[in-house]
Amino acid sequence: MAYTNDGDPEVDSVQVDNFTPYFPPLLSSYNDKIRPIFDTIDMLRIHKVIKEGLPVPTIVVAGVDNSGKSSIIKSLVGISLPRVGETCTKVPLIMRLQNHSNPAPEFLLKYEKKSVRIMKEMMISKAINEATVEIAGEGKRISNVPLTLVVKKKGIPDLTIIDLPGIHWFTRPRCQPEDIFQQTSDITMEYIKPKESIILSVSSVDDKLSSKWLYSMSRSVDNTEERMLAVITKCDQLLDDDDDVFQALTKLKVRGGYNFVRNRIDDETHEEAQIREATLFEAHPLLSKIEKSMVGIPALASRLVQIQLVIILKCFPDIVDKINEGINILDLELNQLPNNFMSKADGLVAFMHIIRSFTETLQMMFIKGEYNEYVDFKKMHCNARLIDMLDEFSKNLHSSVQFSESFLVEEMQVLEETNGIWLPHFLPHSFWIRRKMNNVSTFAILFVKQVWSYLEIVCARILIDHYGDYPQLLSSMRKATHNVIEKMKFEFMEKVVEMIEMEKTTYYTCDPDFVASWNMLISNRDKFMKAMCNHLEELSMEGHDGTVNVKHLFSIPENTRDQAFDLKMRMTAYWKIVLKRMVDRTALRLRFMIQKVVNKEMEMEIVNEMMMHGGGIEKMSEELSSTGKERVRLQRSIGLFQESKQIMEQVQV
């Protein structure tokens, strides 16, 4: 609902008042002392230093009926409210004042499930009256259904003011419920109960019942906090010789203190009212005795702001701590940005420091086995993971040592394929070992690829974690790391293949375990021959867990069985030595090459890559635009927080 100049409803109109130049007293005091604080807090919330803003204290205006509550609100904040006739405020009126940048004010009245848009400030009173009648009826009845008036206006204070229905002390007008006193009292106590509320207890100087109300209120409110302020209105109606009334008012104890004011009369302008009020408290025989800080609307506004500050400042220690924490975090982030080097010398020093730092980290993780930065990240525990891979490699190799269910079948195939013109006991064992080593090469190649792929992943993670802030250097270091890993993988592969070819070429060992193992295995000959004679399908053998199935050998000629058995035992004993030698040499070669990478190859390759393809040291002095923007953002944020800290520290109650 909207209103035209003539008061007729207008739904689609967007016409608004120009911003009035009048600055109410509460606004002036608020802008001087509280506005900078709220602006600072809003900035801190935008930058996520704090999640919530400061509490906005609510000013609850309560008092005896027709004591001038609405008039005071109008004088304090410049918002027109109904003031003519008895029981003007029949429902709680919650005014939410909000400062906003748009010079065109906005007014919205909400109640129950309705929302009324008011287009002109002068029509606020009419809209409130109509909504009040709709809620409470035409008579003098009271309702606890609140009206909410949202006022968005440039320059006004951010606060909430609640105008409550007046209390009817001992008496009631006609046409009002018999329990009108209880109703208004209950409503009042409901709104003044919250401890964050500032209570403006309004009493009329010409009404003795107002004094009783004030006395009752002062006893009902927790007076351990100075959140109740007594306001004596209509002081221009105090007679010059009415000393008894004056003394009675000033003797009441209210910890929040007193303020004496003169209400605006009829169509007085705000400026006229302030001048007449100041003259009254200067010239009146009784009122002139009151301290200047306790008289007049400006003094009342100043005192309200002081009480607001007391409430707000309770939150300050925690907010200041969060500001300091925010500054520390931003400083840390700023220091973690890559340095912007101004000369080649600075860039060279930093470059060499970064390389040394990288190689030292590799030294700790690959060689010393220190994982301080990755205690909970087991994938980065290099030595343990390499041992796991080596154990798996060894396990795969040794799986070929076990006696299969097809006992001696493979050996008999070798004898058949190597049959030639020579004595039966001079067998060409080379064919058998080459055949076995071909199978080993598959496991060895997979192991080489697995190991060096893992080492490259670890190096990449270290580079990102430690040097991700140097993108102009990181790409060259990653490329150099990849080159070194590929080079070492190829070299390692060559060495492993060479070891395999050596085993194929020469069959030799001085390991005494070979003879001991062969003697143990060959001791099974008699048991094997007896099983063949007696047609035993299974037998147990020394050096082998479980039983061996020999049923398939009954039809094989004895000479072939004996040669196959001898070949099996000899090559099983020797194969254990070969596999042990293969695993040991692979482990030693791997360890040697990792040390070579860490102590020599990595540093040389990074320097070569940076100088030849990475743009040289000059590249170090080039700051990425994203880094520069981030540096400026952090510096600006630190400056804002430091400024906020100074504002907070300068606030005085």
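Anyway, here's the lowdown on the structure attached to this text. (Residues numbered from 1 in each chain as written. Predicted model: local features only at pLDDT ≥ 70, side-chain atom pairs only at ≥ 80, totals over all residues. Heavy atoms only, no water.)

1. Description of the pairing of strand β4 (residues 114-118)
Pairing between strand β3 (residues 106-111) and β4: 5 bridges, direction antiparallel. Across the sheet, the residue bridging to Leu 108 is Arg 117, located in β4. Count of turn residues in the β3/β4 antiparallel hairpin: 2 residues, of which Glu 112 carries a positive phi of about 50°. (Pairing = 2+ DSSP bridges. Helix = DSSP H or I, 4+ residues; strand = E, 2+ residues; numbered from the N terminus.)

2. Structural notes on the nonpolar core
In this structure, Phe 358, Met 365, Phe 366, Phe 407, Trp 452 and Leu 455 are the most contacted members of the largest nonpolar core, which totals 80 residues. Secondary structure elements with two or more residues in this core: α11 (344-368), α12 (382-398), α13 (409-417), α14 (429-467), α15 (471-505), α16 (512-522), α17 (525-533) and α18 (558-612). With 20 residues, α18 is the largest single contributor of residues to this core. Apart from the residues within four sequence positions on either side, Trp 452 is in contact with Ile 485, Met 488, Lys 489, Phe 492, Leu 590, Met 593, Ile 594 and Val 597. (Core = buried A, V, L, I, M, F, W, Y, C linked by side-chain atoms within 4.5 Å. Buried < 20%, exposed > 50% of the residue type's maximum accessible area, 1.4 Å probe, protein only. Contact = heavy atoms within 4.5 Å.)

3. Focus on the pairing of strand β2 (residues 93-98)
Here β2 pairs with strand β5 (residues 147-152) via 6 bridges, running parallel. Residue pairing in the sheet places Met 95 in a bridge with Leu 149 of β5. For β2 and strand β6 (residues 159-163), the ladder comprises 5 bridges, and the chain directions are antiparallel. Residue Met 95 lies in a different strand from β6, and its bridge partner there is Ile 161.

4. Overview of helix α3 (residues 69-77)
Most of α3 is tucked away, with 9 of its 9 residues classed as buried. Those residues of α3 not exposed but buried are Lys 69, Ser 70, Ser 71, Ile 72, Ile 73, Lys 74, Ser 75, Leu 76 and Val 77. At the C-terminal side of α3, Gly 78 shows a positive phi close to 80°.

5. A closer look at the packing of aromatic side chains
Evaluated as defined, the whole model comprises 4 aromatic pairs. Taking the centre distance of 6.2 Å and the plane angle of 65° together, the rings of Trp 452 and Phe 492 count as edge-to-face. Of this pair, Trp 452 sits in helix α14 while Phe 492 sits in helix α15, placing them 40 residues apart in sequence. For Trp 452, a relative accessible area of 2% gives the class buried. Considering the side-chain rings of Phe 514 and Tyr 574, the 6.1 Å spacing of their centres and the 90° angle between planes classify their relative orientation as edge-to-face. Residue Phe 514 is located in helix α16, and its partner Tyr 574 is located in helix α18; the two are separated by 60 residues in the primary sequence. A relative accessible area of 7% places Tyr 574 in the buried class. (Phe/Tyr/Trp six-rings, centres within 6.5 Å; stacked < 30°, edge-to-face > 60°.)

6. Brief notes about the sheet that holds strand β9 (residues 258-260)
Spatially, the 9 strands line up as an open sheet ordered β4-β3-β5-β2-β6-β1-β7-β8-β9, and their pairing is mixed. In this open sheet, the two edge strands, each paired with only one partner strand, are β4 and β9. Between one strand and the next, the sheet's axes are offset by a mean angle of 20°, whatever the strand orientation. Relative to β5, β3 runs antiparallel, the two sharing 6 bridges. (Axes fitted to C-alpha atoms, helices over the stretch in contact; angles between N-to-C directions.)

7. A closer look at the packing of α12 against α18
Where α12 meets α18, the closest approach of the two axes is 10 Å, and the angle between their N-to-C directions is 155°. One finds that α12 runs roughly antiparallel with respect to α18. Our pair here, α12 against α18, has a crossing hand that is right-handed. Where α12 abuts α18, its residues Asn 383, Leu 386, Leu 390, Phe 393, Ser 394, Leu 397 and His 398 lie against Leu 579, Lys 580, Met 582, Val 583, Thr 586, Ala 587, Arg 591 and Ile 594. Each residue belonging to the contact of α12 with α18 can be placed in one class, and the counts come to 9 nonpolar, 4 polar and 2 charged. (Parallel < 35°, antiparallel > 145°, perpendicular 65-115°, else oblique. Left-handed = near helix turned anticlockwise from the far one by under 90°. Nonpolar A, V, L, I, M, F, W, Y, C, P; charged D, E, K, R; others polar.)

This is a description of form; function is not addressed.
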